[in-house]
Amino acid sequence: MKRAIISDIHSNLEALEAVLEDIHQQGISEVYCLGDIVGYGPNPRECLEKVMELDVCILGNHDEAVLFLPEDFNLVALRAIVWSRDQLKGRHGESAAAIRHQDFLGELPRIHTEGDFMFVHGSPREPTNEYVFRDDVYYGPKMEALFDRIKRYCFQGHTHIPGLFIRREFFSPEEFNFQYRLTDEKVMINVGSVGQPRDRDPRACYVLLIDDQVTFRRVEYDIDTTVKKIYAIEDLENSLGDRLRDGR
Ligand code: ZN
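Attention now moves to the overall build of the protein. Within the protein one finds eight helices and twelve strands. In summary, the protein has a C-alpha radius of gyration of 17 Å against a globular reference of 18 Å for 248 residues, a match within 12%. A principal-axis box enclosing the C-alpha atoms of the protein has dimensions of 55 × 35 × 30 Å. Total accessible area on the protein is roughly 11,200 Å²; 46% of this is exposed by carbon and sulfur atoms. Between the centroid of the 30 positive side chains of the protein and the centroid of its 44 negative side chains there is a distance of 1 Å.

Turning our eyes to something else, we now look at the sheet that holds strand 2 (residues 30–33). Strand order in the open sheet made by the six strands is 3-2-1-11-12-9, with mixed pairing throughout. Two strands lie at the open edges of the sheet, namely strand 3 (56–57) and strand 9 (179–181), each paired on one side alone. Here strand 9 pairs with strand 12 (residues 213–219) via three bridges, running antiparallel. Residue pairing in the sheet places Gln179 in a bridge with Thr215 of strand 12.

Okay, the coordination of the zinc ion next. Those protein atoms acting as donors to the zinc ion are Asp8 (OD), His10 (NE2), Asp36 (OD) and His160 (NE2), and they sit at 2.0 to 2.4 Å. One can describe the donor arrangement at the zinc ion as irregular, given that its four donor atoms subtend angles of 86 to 175 degrees at the metal. Each donor residue of the zinc ion belongs to the same chain, with the gaps between them written as D-x1-H-x25-D-x123-H. With His10 in the loop between strand 1 (2–6) and helix 1 (13–25) and His160 in the loop between strand 6 (153–156) and strand 7 (163–166), this pair connects stretches of sequence that are 150 residues apart. In this pair, the class of His10 matches that of His160, namely buried.

Moving on: the side chain of Ser84. Tracing the backbone shows Ser84 in helix 4 (residues 75–89). In this structure, Ser84 is in contact with Gly39, Pro44 and Val66, ignoring residues within four places of it in sequence.

This part covers the sheet that holds strand 7. Taken together, six strands build an open sheet; the order of strands is 4-5-6-10-7-8 and the sheet is mixed. Either end of the sheet is taken by a strand with one partner, and the two such strands are strand 4 (111–114) and strand 8 (169–171). On average, each strand axis in the sheet is inclined to that of its neighbour by 20 degrees, with strand direction left out of account. Direction of pairing for strand 7 relative to strand 8: antiparallel, over a ladder of three bridges. The residue of strand 8 that forms the bridge with Ile166 is Glu169. Each of strand 7 and strand 10 (187–190) is contacted by helix 6 (residues 140–148), which is oriented at about 95 degrees to strand 10, the strand it contacts most.

Definitions and cut-offs
- Residues numbered from 1 in each chain as written.
- Predicted model: local features only at pLDDT ≥ 70, side-chain atom pairs only at ≥ 80, totals over all residues.
- Heavy atoms only, no water.
- Helix = DSSP H or I, 4+ residues; strand = E, 2+ residues; numbered from the N terminus.
- Rg over C-alpha atoms; globule rule 2.2 N^0.38 Å.
- Areas by Shrake-Rupley, 256 points an atom, 1.4 Å probe, with all protein chains shown as cover.
- Lys, Arg positive; Asp, Glu negative; His and termini not counted.
- Charge placed at Lys NZ, Arg CZ, Asp CG, Glu CD.
- Pairing = 2+ DSSP bridges.
- Donors = N, O, S within 2.8 Å, 3.2 Å for Na, K, Ca; no water.
- Tetrahedral: all angles 85-135°; square planar, octahedral: opposite > 155°, others 65-115°.
- Buried < 20%, exposed > 50% of the residue type's maximum accessible area, 1.4 Å probe, protein only.
- Contact = heavy atoms within 4.5 Å.
- Axes fitted to C-alpha atoms, helices over the stretch in contact; angles between N-to-C directions.

Given below as structure tokens:
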């Protein structure tokens, strides 16, 4: 097995292109995406086009929100979602591309499983919307319920914070030198975010899975270009650009 797992692109084309190039340079052609292709960033259509070429893609909560009525979003995120929806629909009625994009999003699965492997956006319990944060390890019943639902390995995104949940503990990638070998032990692996990292490292984040070896990778990209695009779009708050520079 030789594959890359990416998540939470959030319409950040520069970050997505840099990550896909890094994946290509590792000699890997199979790419799985754990959702949130759109939302927050300036290039929803371009990012969708690229993700449509990948091998597997899961539905994220922002992808769902551009299709249906959004709930549970703050104002900044909601405005970006409404703007993204307009971008995908086009100004002058439904174009062929717009219909293709919406069909693609509408058919995305919430869970993908392969033997011992499970792939979700949020959590094994509520695959699209539930967050699993590092502090959840202090809440035993939640962790138990989540681990009960996985056969062995669960890959997820949604929090934009990469790391591993093992035995009710959380480990950031630095704590295991960015490398983890899968064993018989159950583990939830958060692959981090391509387009809006929130662990104070602004570089794009993703994971390689080669046989039983999980490797977290960080990739620099042209943040300035993305930030300038966000500043130029009125419906995207400037704070959405500023946070990219800080990785938060
Ligand atoms: Zn996200």
